[in-house]
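Tertiary structure, described
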Amino acid sequence: MGLQMVRFINSVILGAVIILTLSGVYGLFLTFPSWMFEVHRLAGWLLIAVLPWKVAISLRSLKRRIFDGGIMVLVALLAAILTLLILVLGLAWGFRLGPEQLWLRQT
C-alpha cells in the first residue's frame with residue numbers, strides 16, 4: 001500500500017471522526033435536523049467502510065514496531081480499542097439494541 005493511499009485513508013478517517021463528533025455532540029443536546037442526521041449516519045458508514053484498510057495499515061505498522069517497547073504502541077492499541085468500543089456502541093444504538101433508558105433526553 002503506497003504512502004499516498006495511507007495518507008488518504010487516514011484523512012478520510014479524520015474527516016469522518018470530526019463530522020461524527022461534532023454532529024454527535026450537537027445531537028446529544030439539541031434535536032437533529034433531518035439533513036444533519038443523514039450526514040452523521042453517512043459519516044458513520046464511511047468510517048466502517050474504510051476500517052479494513054486502516055486495520056491493514058495498523059497491522060503493518062505494528063509488526064515493524066512491536067518490539068521497540070515504546071509507549072506509543074500502547075497508546076495506539078488503547079486508541080484502537082476505544083475506537084472499536086465506540087463503533088460497537090454506535091451500531092448498538094443504531095440498531096436499537098440494549099435497554100431504552102433516557103440519557104440527556106435520548107433513548
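Please read all numbers here as calculations on a predicted model, not as lab measurements.

Our focus in this paragraph is the overall build of the protein. Counting secondary structure elements, the protein contains three helices and zero strands. Written out in order from the N terminus, the α and β elements of the protein read α-α-α. Looking at the 107 residues of the protein, the share that counts as buried comes to 17%. By sequence separation, contacts in the protein at least 24 residues apart represent 65% of the contacts at least 6 residues apart. By element, 75% of the accessible surface of the protein is carried by carbon and sulfur atoms, the whole surface being about 8400 Å².

We now examine the packing of aromatic side chains. For the coordinates displayed, the defined rule picks out one aromatic pair. Considering the side-chain rings of Phe32 and Phe37, the 6.0 Å spacing of their centres and the 65° angle between planes classify their relative orientation as edge-to-face. By relative accessible area, which is 24% here, Phe32 ends up partly exposed.

Attention shifts here to the nonpolar core. Within the largest apolar cluster, ten residues are counted, these being Val6, Ile9, Val12, Ile13, Ala16, Leu20, Ala43, Leu47, Val50 and Ile57. Among the secondary structure elements, those contributing two or more residues to this core are α1 (3-29) and α2 (34-65). The dominant element in this core, judged by the number of residues it contributes, is α1, at six residues.

This part takes up α1. Residue pairs three or four apart in sequence face the same way in an α-helix, which turns once every 3.6 residues. Taking 1.5 Å of rise per residue, 27 residues should cover 39 Å, and α1 covers 40 Å from first to last C-alpha, within 8% of that figure. Turning to α1, its buried residues are Val6, Ile9, Val12, Ile13, Ala16, Leu20, Ser23 and Gly27.

Conventions used here
- Residues numbered from 1 in each chain as written.
- Predicted model: local features only at pLDDT ≥ 70, side-chain atom pairs only at ≥ 80, totals over all residues.
- Heavy atoms only, no water.
- Helix = DSSP H or I, 4+ residues; strand = E, 2+ residues; numbered from the N terminus.
- Buried < 20%, exposed > 50% of the residue type's maximum accessible area, 1.4 Å probe, protein only.
- Contact = heavy atoms within 4.5 Å.
- Areas by Shrake-Rupley, 256 points an atom, 1.4 Å probe, with all protein chains shown as cover.
- Phe/Tyr/Trp six-rings, centres within 6.5 Å; stacked < 30°, edge-to-face > 60°.
- Core = buried A, V, L, I, M, F, W, Y, C linked by side-chain atoms within 4.5 Å.
- Expected span 1.5 Å × (residues − 1).

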